Amino acid sequence: LPATHQQDHHPAQADGLTRTEPGTMPIMDADTHTIIWNRAAMADGGPAARPGNKALSAALRLHNMIMSGGLDHALDVLTPQDFASAASGFRYLQLIDVAELVEQAQGAPTDDLLEQLDARYSALIPRDQVIGDQFEALLQQRPDDFAPAS
């Protein structure tokens, strides 16, 4: 009888991650993505936030303000520290052009410049998924930067 090849089964770990062979990228399930994203969007990254959680949370805080009322609204509501944290968050997410735009917006821009920055932001981040794609890539590359989903 030929020997059967049993494929290794890698069950989900206690941290919610599914491991693959050494040297390959971990596979995250959709629930892990959703839990970490929602924690960033609604709970400042969670009680045990790690650098990735904090970066995503800061970026989403500003993004949500811009989406609900524009950059002008965000400038009225958020603090300079919020903007600085958001710029750092966008840098972490490797959205450098967005980070630079956020820094430029802090300098009390004229109405014309504010309008240009708003339009540019919309071009750089036309939908939430742009941030989501960057987050998912970084979660795959650096899972330890994010608090476990469970």
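Note that the structure is a prediction, hence the values are computed from the model and not measured.

Q: Got a minute to help me understand the overall build of the chain in this structure?
A: Looking only at helices and strands, the chain features six helices and two strands. When the elements of the chain are put in sequence order from the N terminus, they spell out β-β-α-α-α-α-α-α. Here the chain holds 150 residues, and the buried ones make up 39% of them. Across the chain, every contact between residues at least 6 apart in sequence was considered, and the portion connecting residues at least 24 apart equals 57%. Total accessible area on the chain stands at roughly 8600 Å², and carbon and sulfur atoms take up 52% of it.

Q: What is the right way to look at the nonpolar core in this model?
A: Inside soluble globular proteins, nonpolar side chains tend to come together where they are buried. Ranked by size, the top nonpolar core spans 33 residues in total, and within it Leu62, Phe90, Leu93 and Ile131 carry the most contacts. Where this core is concerned, the elements lending two or more residues are helix 1 (30–42), helix 2 (51–77), helix 3 (80–92), helix 4 (96–105), helix 5 (111–124) and helix 6 (128–141). Ignoring any residue separated from it by four or fewer positions in sequence, one finds Leu93 in contact with Leu56, Ala59, Ile131, Gln134, Phe135 and Leu138.

Q: Please explain the packing of aromatic side chains as it appears in this structure.
A: Each pair of aromatic rings is reported with the distance of its centres and the angle of its planes. A full pass over the atoms with the stated rule returns four aromatic pairs. Judged by centre distance (5.9 Å) and plane angle (50 degrees), the rings of Trp37 and Phe135 are tilted. A residue pair is termed long-range when its members are at least 10 positions apart, and Trp37 in helix 1 and Phe135 in helix 6 qualify at 98 residues. Between Phe90 and Tyr121, the ring centres sit 6.4 Å apart and the planes meet at 75 degrees, which makes this aromatic pair edge-to-face. You can see Phe90 sitting in helix 3 and its partner Tyr121 sitting in helix 5, a full 31 residues away along the chain. Among the residues examined, Phe90 registers a relative accessible area of 0% and is labelled buried. For Tyr121, a relative accessible area of 0% puts it in the buried group. The structure contains a cluster of three or more aromatic residues connected by ring pairs, namely Trp37, Tyr92, Phe135 and Phe146.

Q: Teacher, can you tell me more about the side chain of His63 here?
A: Its location among the elements puts His63 in helix 2. Residue contacts for His63: discarding those within four places in its chain leaves Tyr121, Ile125, Asp128 and Ile131.

Q: Even after reading the chapter, I still don't get unusual backbone geometry, so can you show me in this structure?
A: With glycine set apart, most residues show a phi of negative sign, and most peptide bonds adopt trans. Residue Gln94 is not a glycine yet carries a positive backbone phi of 65 degrees. Mapped onto the secondary structure, Gln94 falls in the loop between helix 3 and helix 4. You can call Gln94 partly exposed: its relative accessible area is 45%.

Q: For this particular structure, what's the right way to read the packing of helix 3 against helix 4?
A: The description of two helices packed together rests on the angle between their axes and the distance between the axes. Contact pair helix 3 / helix 4: the axes reach a minimum separation of 7 Å and the direction vectors enclose 165 degrees. Comparing the axis directions of helix 3 and helix 4 gives the class roughly antiparallel. The crossing of helix 3 and helix 4 is left-handed. Note on element contacts: helix 4 touches helix 3 through Ile96, Val98, Ala99, Glu100, Val102, Glu103 and Ala105, opposite Phe83, Ala86, Ala87, Phe90 and Arg91.

Definitions and limits used
Residues numbered from 1 in each chain as written. Predicted model: local features only at pLDDT ≥ 70, side-chain atom pairs only at ≥ 80, totals over all residues. Heavy atoms only, no water. Helix = DSSP H or I, 4+ residues; strand = E, 2+ residues; numbered from the N terminus. Buried < 20%, exposed > 50% of the residue type's maximum accessible area, 1.4 Å probe, protein only. Contact = heavy atoms within 4.5 Å. Areas by Shrake-Rupley, 256 points an atom, 1.4 Å probe, with all protein chains shown as cover. Core = buried A, V, L, I, M, F, W, Y, C linked by side-chain atoms within 4.5 Å. Phe/Tyr/Trp six-rings, centres within 6.5 Å; stacked < 30°, edge-to-face > 60°. Axes fitted to C-alpha atoms, helices over the stretch in contact; angles between N-to-C directions. Parallel < 35°, antiparallel > 145°, perpendicular 65-115°, else oblique. Left-handed = near helix turned anticlockwise from the far one by under 90°.

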